[in-house]
Amino acid sequence: MNHLALFDCDGTLVDSAANICLAMEQCFEAAALPLPSRHATRRVVGLSLVEAVAALHPEGEADLHIAMAEDYKRAFQLLRGQGLVVEPLFDGIAETIGALDKAGWLLGVATGKSDRGLAFCLDHHGLAPHFVTLQTADRHPSKPHPSMIEAAMAEAGASPADTVMIGDTVYDVEMAVAAGTRAIGVAWGYHTPAELLAAGAKAVAATPAELGEMLDG
């Protein structure tokens, strides 16, 4: 049976919080609503876009959340067109991905990004060839629904026992629990190690190098 390691993207592979906060502020401004704090926005990174907006503005109607999500997409695309979207890899991530691939792991991504946003990010960093399955918000319910992991396992030919979900938020961990797979948290993202462990993570890696060691073990 194949061994599959699934990675979240925002907050796990790349540090995209600054871009997400800017686009979120612009979509709230367009709706004439008070801007969310950047701390609050970082807390909802990982959810699909409509769900993230709803979490930040829970008193709003569903139609408003959908409209704001579209405004967010336009704002993000404008930032990208202006060359302002910067999504740096966390230090050591590229090396860990390469080592896992070389060691025989099948690798995938399960993310709240769109297909377009994920492809842009992976291509920019030269990581796309390492991944055999890419699951995004365009084709699945929002995390923590297990749909992304279930589809990734089906594509990779992996069982829950041979699959690990790696992410920085409780949404990633809860998704893994719902899918019956192991979850490993990472300490460099947007939720705390204590939160990740409380949600069901088996361990939390302090660095990408330590993550590689955990998967080797």
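Computed from a prediction, not measured in an experiment: that's the story for all the values here. Along every chain, residues carry numbers that run from 1 in the direction the sequence is written. In keeping with the predicted nature of the model, local features appear solely for residues at pLDDT of at least 70, side-chain atom pairs appear and are counted solely at 80 or more, and the whole-chain, interface and lining totals rest on all residues. Side-chain figures throughout are based on the complete set of non-hydrogen atoms in the structure, without hydrogens or water.

Participant: Explain the sheet that holds strand β4 (residues 163-167) to me, and be specific about the residues and the numbers.
Facilitator: At least two DSSP bridges between two strands are required for those strands to pair. Helix numbers and strand numbers start at the N terminus; a helix is a DSSP run of H or I with at least 4 residues, a strand a run of E with at least 2. With respect to topology, six strands assemble into an open sheet ordered β3-β2-β1-β4-β5-β6, the strand pairing being parallel. Each of the sheet's edge strands pairs with one partner strand only, and the pair in question is β3 (131-135) and β6 (203-205). Here the strands of the sheet are splayed against their neighbours by 25° on average, with no regard to which way each runs. Bridge analysis of β4 against strand β5 (residues 182-186) gives four bridges, and the strand direction is parallel. Bridge assignment links Met165 to a residue of β5, and that residue is Ala183. Only the stretch in contact is used when a helix axis is fitted, and all axes are lines through C-alpha atoms; the angle between N-to-C directions ranges over 0 to 180 degrees.

Participant: Provide a residue-level description of the side chain of Arg80, including the pertinent values.
Facilitator: Looking at where Arg80 falls in the secondary structure, it is placed in helix α4 (residues 62-81). Exposure categories follow from relative accessible area, calculated using a 1.4 Å probe and restricted to protein chains: below 20% of the type maximum is buried, above 50% is exposed, and the middle band is partly exposed. Residues counted as positive are Lys and Arg, residues counted as negative are Asp and Glu, and His and the chain ends are not counted. What counts as a salt bridge is simple: a side-chain nitrogen of Lys or Arg found within 4 Å of a carboxyl oxygen of Asp or Glu. Glu87 provides the closest opposite charge to the buried, unpaired Arg80, separated from it by 4.4 Å. Leaving out residues up to four positions away in the same chain, Arg80 has contacts with Val85, Glu87, Gly117 and Phe120. Contacts are residue-level and defined by heavy atoms, with any inter-residue pair within 4.5 Å sufficient.

Participant: Residues and numbers for the environment of Cys9, please.
Facilitator: By the element assignment, Cys9 lies in the loop between β1 (4-7) and α1 (17-30). A residue is classified by how much of its surface remains accessible, and Cys9, at 0% relative accessible area, is buried. If sequence neighbours within four positions are ignored, Cys9 has contacts with Val14, Val109, Ala110, Thr111, Lys113, Leu118 and Cys121.

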